[in-house]
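Take a look at the letters that make up each chain.
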Amino acid sequence: MAIQGTMTARPFGLPINPTDHRSTGWWGMVLVITTEAAFFAYFIFSYFYLASMAHGSWPPEGMPALTLALPNTIILLVSSLTFWWAESGIRHGSHTRLRIGMLLTLLLGIAFLMIQGVEYSHKHFTPASDAYASLFFTITGFHGAHVAVGLLMNIVVQIREWLGHFSAERHLAVTNVALYWHFVDAVWIVVFISLYLSPRWG
Amino acid sequence: MAITTEAEAPTDRLREIWETPRGLLGTFTTVDHKTIGKRYLVTAFIFFLIGGLEAAAMRAQLAHSGQHLLSPEAYNQLFTMHGVTMLFLFASPILSGFANYLWPLMIGARDMAYPRVNALSYWTFLMSGLFLNSSFLVGQAPDGGWFAYVPMTERAFSPGLNIDFYTLGLIFLGISSTVGAINFITTFFKLRAPGMSINRVPIILWGTLTTSFAIVFAMPALTVACIMLFFDRRFGMHFFDAANGGHPLLWQHLFWMFGHPWVYIVVLPAIALASDMIPTFCRRPLAGYTFVVLSTITTMILGFGVWVHHMFATGLPQLSADFFSASGMVISIASGVAIFAWIVTIWNGKPVFKVPFFFLAGFIVLFVIGGVNGVMTASVPFDWQLTDSYFIVAHIHYVLIGMNVFPVFAALYYWLPKMTGRMLSERLGRWVFWTMFVGFNVAFFPMHITGMLGMPRRIYTYQPGLGWDTANLISTLGAYVFAIGVLLFLVDFFRSLRVGELAGDNPWDAPTLEWSTSSPPPPYNFAVMPTVRSPYPLWEKRLGEREYSDLHAGAVLDTGRETFGTSALDSEPEEVLRMPEDSLWPVLLSLSLLVLFYGLLTSLWWLAIVGAGGLFVTMVGWLWPTDITSPSPPRSVVSIARGA
């Protein structure tokens, strides 16, 4: 047994509540993201299931336009980059990078939601029009809600940064919110491919 | 920090650090896993009694043909709430209760990884259970069966609040299951005592870990399905509406992607509890530890691939049905491994026939019957004859009562002495077992026959002259005998609290760590942190192990609420985890959820917004750090001697 080999009689030091990838907080966020990923996976399954069962053309409302969705996708991707830049900043002790990066991420996230709102208002159907419309609004709506939650967490992290809670060694909240934000971005890529691109292939 | 012996450990100081103050505030703020575990057990058992009363009313109605004690509407609500209560509010939470109480004691830790999340999980379970049952107060309990098939549950056919209680209540309860599962997973991988590598943990940890992963992946399917049904009903969407591009079978797919794993979620930990108790009563280690663990995991994974066997009668393509039929049969091989492991253990051991062992033996018999009639229904042509008949009612009860209730009762007789400090009665306990075992078989075995005679499930009454009367009367009598057994257990329980024999630390001469603590254990669980060197730390001498675990000397960790964080597989100490203090946030967060869900139920959007706002405020308050005194980490270094 490997453990017996390494259990030698030497004293050693143990850190208290480390904040790196060994922390329980990090494990918690990873598992939350896992179950959230499953949540979206079942929605995407439902989308393809109903698409495969559809009589007539899919989507019944015509192809969803890319005019707003494509730039919006790029905005969200860039917001992941700015968050990554902010987080790696605080890892090296740069509060300036953290503050600027978080603020940029916040603004990009707000822009994403506003453009999404504009796109909704251009749709000539409502969630109650047919099953496709229900899927479209529910899936993008839940994704939008996740973006909104991510923005709230972003604001809380910014307030805590101004109160001086973070340092190069201790910034678990930043890391966890960053993880969540990258996840919300990744979900959008899947939603975008499924809802906007996949109908064009087949 | 040096090695301290148990006698030298500052137990007064530890008690001061870990004990929750008595009184109203302590009641709502405690995060002690033992208190939470006991609350889970008591609450789940009360739901078991409520579900039992619902069943008793139904059996009274069915005792004879043509009875009208209950209206069809009342009967529909009763069988639905019976299923929902037993499956969601009893079978799974009672196992969470055992796991919450036992895990830290079994792995030599002082609490779960997220003590406050543990409290949140309990409060949310309680409040979602109250939410679901509050539907009776307005006379609109869910009435679409526990799987609530559309289109019958769509607004057009069910305009009341009944199904809204169901969809929202299950989303609500799902939050409790999910956060609980995440807590178990992290606890398993981070908090095991030094030296307790993954091949040395009690089987219940594997059982709960496996099902926790299953909850993380399966629960969202139910949540998604319930959200869609709620949107269909409330906002006129069309997910399941065939006239507008939706499909009713989408509900069935999503429900059973969740529902079939759920069956394993409520039986695998119970089976694992059996694997931990059987060695004690056979006086020898479990045969094939690794195979039992692997069969648990394999059964769960396969459990995700069989959901369609609930849908054989829906006109699926033949090939698809064949595939799911085959995978259903393969499961019986995986789950059979555990049975053989127990038989070998019993065969090679010297069984001691105490009350828990009676329940375990009864459980093995029922497991085999429930498995066999399960394999029968996995066969497509046979299933076509039996689906929606009383044969299925017999099958699910053999599975759920046989594989959940019987091991749970064994576990109650086995571990209650640890929790209360007093033994239950050996004599009364045998009466409890035989009454329950005989009553159960008399009640449910005849249902195989009524099913084959063509009696459909979920009918509120039936015509005379169909040949179902005698069998139904026998079933009703058996059900009441079973109920008497449960009441006898309650008598035994309350008697033992007052006059039960004192249990002592280890009344069963059992091998695992929880029995090295006092009964009941102190608030801090262990005065010194144990180091583990075998799967059966208390049996090492008699098993002739080369190395002994250190149970009476180790680190104290008394500068706050602290426990060891260890590596995921080999359990080497990596850090000292500082645990949170008692907190009011969990109960406030659950209350916010309750407000939110009542707001959604009643379409009072301001109420929903109040709930959501409360949710945000409590989450920020919860996560706001309490030790911001220094922005740099408190890197005080703790040294212990590693190993012997």
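Reading the values: the criteria
Residues numbered from 1 in each chain as written. Chains lettered and ligands numbered in written order. Predicted model: local features only at pLDDT ≥ 70, side-chain atom pairs only at ≥ 80, totals over all residues. Helix = DSSP H or I, 4+ residues; strand = E, 2+ residues; numbered from the N terminus. Buried ≥ 20, exposed ≤ 12 C-beta atoms within 10 Å, placed from the backbone. Contact = placed C-beta atoms within 7 Å. Rg over C-alpha atoms; globule rule 2.2 N^0.38 Å. pLDDT = per-residue confidence, 0-100. Pairing = 2+ DSSP bridges. Expected span 1.5 Å × (residues − 1).

Chemist: Go over the overall build of chain B, please, and point to the residues and values.
Modeler: Helix and strand counts for chain B stand at 18 helices and 5 strands. The principal-axis extents of the C-alpha atoms in chain B amount to approximately 80 × 60 × 50 Å. Counting all 644 residues of chain B, 58% fall into the buried class. The long-range fraction of contacts in chain B, counting pairs at least 24 apart against all pairs at least 6 apart in sequence, stands at 79%.

Chemist: Give me the lowdown on the overall build of chain A, citing residues and values where you can.
Modeler: Within chain A, the secondary structure is distributed over 6 helices and 1 strand. Listing the helices and strands of chain A from first to last along the sequence gives α-β-α-α-α-α-α. Here the C-alpha atoms of chain A give a radius of gyration of 21 Å, more than 25% beyond the 17 Å that 2.2 N^0.38 yields for 202 residues. In terms of principal-axis extent, the alpha carbons of chain A reach across some 75 × 45 × 25 Å. Residues counted as buried form 34% of the 202 residues belonging to chain A. Sequence separation of at least 24 residues holds for 80% of the intrachain contacts in chain A that already meet a minimum separation of 6.

Chemist: Kindly report on the environment of Val138 of chain B, identifying the contributing residues and their values.
Modeler: Considering the arrangement of structural elements, one finds Val138 of chain B in the loop between helix H5 (115-133) and helix H6 (162-190). Distance in space between the C-alpha atoms of Val138 of chain B and Gly246 of chain B is 31 Å, their sequence separation being 108 residues.

Chemist: Outline the confidence of the model for chain A, listing residues and values.
Modeler: Confidence in the prediction for chain A averages 90 pLDDT; 92% of positions are at 70 or higher. Within the model, the stretch residues 1-12 of chain A combines pLDDT values under 50 with 21 contacts to residues more than four positions away or in other chains.

Chemist: Hey, could you go over the pairing of strand E3 (residues 562-566) of chain B for me, with residue numbers and the actual values?
Modeler: Within a regular strand, the side chains alternate between the two sheet faces. Residues and elements named next belong to chain B. Within E3, 5 of the 5 residues are buried, which leaves the element mostly enclosed by the surrounding structure. Here E3 runs beside strand E4 (residues 573-578); their pairing, made up of 5 bridges, is antiparallel. Bridge assignment links Thr563 to a residue of E4, and that residue is Leu577. Between the end of E3 and the start of E4, which pair antiparallel, lie 6 residues, with Ser571 showing a positive phi angle near 60°.

Chemist: Give a description of the environment of Leu170 of chain B that names residues and reports values.
Modeler: Residue and element names in this part refer to chain B. Mapping Leu170 onto the fold places it in helix H6. It is 8.4 Å that separates the C-alpha atoms of Leu170 and Phe88, two residues lying 82 residues apart in sequence. Here Leu170 is in contact with Phe88, Leu222 and Cys226, once residues within four sequence places are set aside.

Chemist: So what's going on with helix H17 (residues 585-602) of chain B? Residues and values would help.
Modeler: Each α-helix turn comprises 3.6 residues. Residues three or four places apart therefore point the same way. Residues and elements named next belong to chain B. Taking 1.5 Å of rise per residue, the 18 residues of H17 would be expected to cover 26 Å, and the 26 Å separating its terminal C-alpha atoms lies within 8% of that figure. The element H17 is extensively covered by neighbouring structure, given that 14 of its 18 residues are classed as buried. Phi for Ser603, located one or two positions after H17, is positive at around 60°.

Chemist: I'd like a description of unusual backbone geometry, backed by residues and values.
Modeler: Pro59 of chain A follows Trp58 of chain A through a cis peptide bond whose omega is -5°. Here Pro59 of chain A shows up in the loop between helix H2 (24-53) and helix H3 (69-91). The residue after Val150 of chain B, namely Pro151 of chain B, is reached through a cis peptide bond having omega 0°. Along the chain, Pro151 of chain B turns up in the loop between H5 and H6. Here Arg458 of chain B, not a glycine, exhibits a phi torsion of approximately 65°, which is positive. You can see Arg458 of chain B is positioned in the loop between helix H14 (426-452) and helix H15 (469-499). For Arg458 of chain B, a count of 14 C-beta atoms within 10 Å translates into the label partly exposed. A positive phi angle, near 55°, is found at Leu557 of chain B, a position not held by glycine.

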